[in-house]
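Fold and contact review
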Amino acid sequence: VFGSAGKRDVEKRFLMGEVSMHLADLVVITAEDPRGELKKINEQIKKGAEKAGGKINRNFYIVDDRGEAINFAINKLSKKGDTVGIFGKGHEQSMNLDGKKELPWLDREAVEAALNGRLRGWLTGTPGKAIAGVAIIVTLSVLPGAYLDVGLTVGFWALIVVSAAYAARRGL
């Protein structure tokens, strides 16, 4: 689950879509501080995913609402034993949707809501199935411009995921 920020880093969006298709079985593209450019950003990422062989609604999906995207990945796409990586927001405590106002946002709360059968997003949606567990997401800076996203869950989940940008930079 990832997106790209609006009003910056335009040239990396296509590459993010392309790299994500090489590193993940399923990809969910969503908002990550779009600053009024959500449709444009998602289209640019989509083009990269398609270049790498991705097929919309088959092995990659676009879910504009980040809370719905997290819920979709956890409760609709993943199966027992799968790893779900959620990238881009980590430690951040707000989201900028329109380029003007920061809204309160925590990925950790969205993951907890999805695991507990509630939806945490800014649009109306239906709750997903309940999965027992508590989620903690931490983002650590490991190199300038690269982050290691670490998500730990109590129960059958345990994951450590290196972001696509870091993996691509390191040739992994």
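Residues numbered from 1 in each chain as written. Predicted model: local features only at pLDDT ≥ 70, side-chain atom pairs only at ≥ 80, totals over all residues. Heavy atoms only, no water.

Structural notes on the environment of methionine 16
- Secondary-structure assignment places methionine 16 in helix α1 (residues 12-23).
- Between the C-alpha atoms of methionine 16 and glycine 3, which are 13 residues apart in sequence, the distance is 8.6 Å. (Helix = DSSP H or I, 4+ residues; strand = E, 2+ residues; numbered from the N terminus.)

Structural notes on helix α2 (residues 38-51)
- With 14 residues, α2 should cover 20 Å at 1.5 Å per step; its first-to-last C-alpha distance of 20 Å lies within 8% of that length.
- Looking only at α2, the buried set comprises Leu38, Ile41, Asn42, Ile45, Gly48 and Ala49. Down the axis of α2, the buried set is contained in an arc of 120°. They therefore lie on one face. Opposite its buried face, α2 presents the exposed residues Lys39 and Lys51, each directed more than 90 degrees away.
- Residues of α2 that are buried in the fold lie against α1, β1 (27-29) and β2 (60-62).
- Just downstream of α2 lies glycine 53, where phi reads positive at about 95°. (Expected span 1.5 Å × (residues − 1). Buried < 20%, exposed > 50% of the residue type's maximum accessible area, 1.4 Å probe, protein only. Arc of directions from axis to C-beta. Contact = heavy atoms within 4.5 Å.)

So, the nonpolar core
- Grouped together as the largest cluster of nonpolar side chains are 19 residues, with contacts concentrated most on Val1, Val28, Ile70, Ile74, Ile86 and Val111.
- At the level of elements, α3 (66-77) and α4 (107-115) are the ones that each hand at least two residues to this core.
- Membership of the second largest hydrophobic core comes to nine residues, among which are Phe2, Met21, Ile45 and Phe87. (Core = buried A, V, L, I, M, F, W, Y, C linked by side-chain atoms within 4.5 Å.)

Comments concerning the packing of α1 against α2
- Closest axis-to-axis distance for the α1/α2 pair is 6 Å, and the angle between their directions is 45°. By the angle between their axes, α1 is oblique relative to α2. Handedness of the α1/α2 crossing: right-handed. On the side of α1, the interface is formed by Arg13, Phe14, Gly17, Glu18 and Met21, while α2 contributes Lys40, Ile41, Gln44, Ile45, Lys47, Gly48, Ala49 and Lys51.
- Among the residues making up the contact of α1 with α2, the classes are represented as five nonpolar, three polar and five charged. (Axes fitted to C-alpha atoms, helices over the stretch in contact; angles between N-to-C directions. Parallel < 35°, antiparallel > 145°, perpendicular 65-115°, else oblique. Left-handed = near helix turned anticlockwise from the far one by under 90°. Nonpolar A, V, L, I, M, F, W, Y, C, P; charged D, E, K, R; others polar.)

A look at the packing of aromatic side chains
- According to the stated counting rule, one finds one aromatic pair in the structure shown.
- Relative to phenylalanine 72, the ring of tyrosine 61 lies with its centre 5.1 Å away and its plane at 70°, an arrangement referred to as edge-to-face. In this pair, tyrosine 61 sits in strand β2 while phenylalanine 72 sits in helix α3, placing the two residues 11 residues apart along the sequence.
- For tyrosine 61, a relative accessible area of 13% puts it in the buried group.
- Since its relative accessible area comes to 21%, phenylalanine 72 is described here as partly exposed. (Phe/Tyr/Trp six-rings, centres within 6.5 Å; stacked < 30°, edge-to-face > 60°.)

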